[in-house]
Amino acid sequence: MLTKEQIEVFHRDGYLKGGQIISDEEVEVLRSEVLRVIDERGGKGKQPVLCHNFGREEAPVWQIVNIWEASQPFFALIHNPTIGEEMAQLTGAKSLRIWHDQIQYKPAQTGGVNMWHQDAPLWPILAPMTEVTAWVALDDVDEENGCMSMVPGSHTWGNHIDMLAKIPSFDAMISEFEGHEVKVRTCPVRKGEVHFHHALTWHGSSSNHSGRPRRAIALHFMTEATRFVAAGEHVMKPFVHVADGEMMQGEHFPLVYSA
């Protein structure tokens, strides 16, 4: 369980590094599952919702959406009780569902950049913009192999995805925004550890020029307050079977925690 002080840090900064939540043995299994699902993409077996390289060919960033639907070990991970309990502490939720999971894998030496963004504006079929992500490292992730960076306090500034999209390079973050000092903080995470961030926190990650891979999974959670916005578009929209304005639920958005 998280301490009162940790919860206060999360609400102040919009992110928090938690502790180790899976063993080295579990990490090894999940690493192998990432590579298996990529190798078997488009095959006859169970497939994730999306599996592609969203980076350049020479600077790949492999993205897998809903690997839990193609992998029993990842299905077990989305039900991890420690993550559920700590997520409930951070959100005040009585119940939690997976919005979707997302692997981001940056291969050694060539892995590309994930530019500055906020998560919630990229999810226009959800409201309100209050989701929280549990980001689990499957490798030791540091500045050399492309760890995340966060801007503390930015989750309280609103939706500014259009401005962030205009930042020309990862190292070109502005120093001031609407009277707020903008500070960039790197967030190294060791394998098996979890890192939480709010869906409006400004974040991104640098390229991987190290000799080590950088594999991680983001588990995006919804509370009982999350509603469907039919006017939006998203890769998960075809799997939504509730009416506009209703609570998000269904077999593709499984209940993973209940108080």
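Structure first, text after, so check above.
Residues numbered from 1 in each chain as written. Predicted model: local features only at pLDDT ≥ 70, side-chain atom pairs only at ≥ 80, totals over all residues. Heavy atoms only, no water.

Draft legend 1. View of the sheet that holds strand E11 (residues 185-187). Taken in spatial order, the four strands make up an open sheet running E5-E13-E8-E11, and their pairing is antiparallel. Only two strands of the sheet have a single neighbouring strand rather than two, namely strand E5 (114-117) and E11. Across this sheet, the average inter-strand angle for adjacent strands is 25°, counted without regard to direction. As paired elements, E5 and strand E13 (residues 203-205) share two bridges and run antiparallel to each other. Looking at the pairing, histidine 117 lines up with histidine 203 of E13. (Pairing = 2+ DSSP bridges. Helix = DSSP H or I, 4+ residues; strand = E, 2+ residues; numbered from the N terminus. Axes fitted to C-alpha atoms, helices over the stretch in contact; angles between N-to-C directions.)

Draft legend 2. Summary view of the nonpolar core. Counting residues in each nonpolar core, the largest one holds 40 residues, and the members touching the most others are Phe74, Leu77, Leu219 and Phe221. The element that contributes the greatest number of residues to this core is helix H2 (residues 24-39), accounting for five residues. If near-sequence neighbours (up to four positions away) are discounted, leucine 77 is found in contact with Ile21, Ile22, Leu30, Ile83, Ile217 and Leu219. (Core = buried A, V, L, I, M, F, W, Y, C linked by side-chain atoms within 4.5 Å. Buried < 20%, exposed > 50% of the residue type's maximum accessible area, 1.4 Å probe, protein only. Contact = heavy atoms within 4.5 Å.)

Draft legend 3. Spatial organisation of the environment of tryptophan 62. Within the element layout of this structure, tryptophan 62 appears in strand E3 (residues 62-65). Along the sequence, tryptophan 62 and tyrosine 105 sit 43 residues apart, while their C-alpha atoms lie 5.0 Å from each other. Excluding anything up to four places from it in sequence, tryptophan 62 contacts Ile38, Arg41, His52, Asn53, Ile103, Gln104, Tyr105 and Pro107.

Draft legend 4. Fine view of the pattern of salt bridges. With the rule as written, the count across this model stands at 13 salt bridges. One salt bridge in this structure joins lysine 17 and glutamate 193, with 3.2 Å as the shortest N-O distance. In this pair, lysine 17 sits in strand E1 (residues 15-20) while glutamate 193 sits in strand E12 (residues 193-198), placing the two residues 176 residues apart along the sequence. For glutamate 181, the salt bridge identified is with lysine 183, shortest N-O distance 4.0 Å. (Salt bridge = Lys/Arg side-chain N within 4 Å of Asp/Glu carboxyl O.)

Draft legend 5. Up close: the pairing of strand E4 (residues 95-106). Along E4, 12 of the 12 residues are buried, which leaves the element largely enclosed by surrounding structure. Relative to strand E16 (residues 255-258), E4 runs antiparallel, the two sharing three bridges. Note on E16: the bridge partner recorded for serine 95 is serine 258. In terms of strand pairing, E4 meets strand E14 (residues 214-223) through 10 bridges, oriented antiparallel. In the strand pairing of E14, arginine 97 is matched with methionine 222.

Draft legend 6. Expanded view of the environment of asparagine 66. For asparagine 66, the location among the structural elements is in the loop between E3 and helix H3 (72-78). The spacing of asparagine 66 and valine 27 is 39 residues in sequence and 18 Å in space, taken between C-alpha atoms. Those residues in contact with asparagine 66 that sit more than four places away from it in its chain are Pro48, Val49, His100, Asp101, Met236 and His252. Polar contacts involving the side chain of asparagine 66 include one to the side chain of glutamate 69, which spans 2.8 Å. (Polar contact = N/O pair within 3.5 Å; in protein donor to acceptor, adjacent residues only side chain to side chain.)

Draft legend 7. Layout of the packing of aromatic side chains. Enumeration over the complete set of coordinates arrives at seven aromatic pairs. With 5.0 Å between their ring centres and 5° between their planes, tryptophan 116 and phenylalanine 170 make a pair best called stacked. Residue tryptophan 116 is found in strand E5, and its partner phenylalanine 170 is found in the loop between helix H5 (161-164) and strand E9 (176-177); the two are separated by 54 residues along the sequence. Assessed through its relative accessible area of 12%, phenylalanine 170 is described here as buried. Within the aromatic cluster, the residues linked to one another by ring pairs are Trp99, Trp123 and Phe253. (Phe/Tyr/Trp six-rings, centres within 6.5 Å; stacked < 30°, edge-to-face > 60°.)

Draft legend 8. Here's a closer look at unusual backbone geometry. For the peptide bond that leads from alanine 127 to proline 128, omega is -5°, which places it in the cis range. Tracing the backbone shows proline 128 in the loop between strand E6 (126-127) and strand E7 (132-137). Backbone geometry at glutamine 109 places phi at a positive 75°, although glycine is not the residue there. Relative to the elements of secondary structure, glutamine 109 occurs in the loop between E4 and E5. Unusually for a residue other than glycine, glutamate 178 sits at a positive phi of about 50°.

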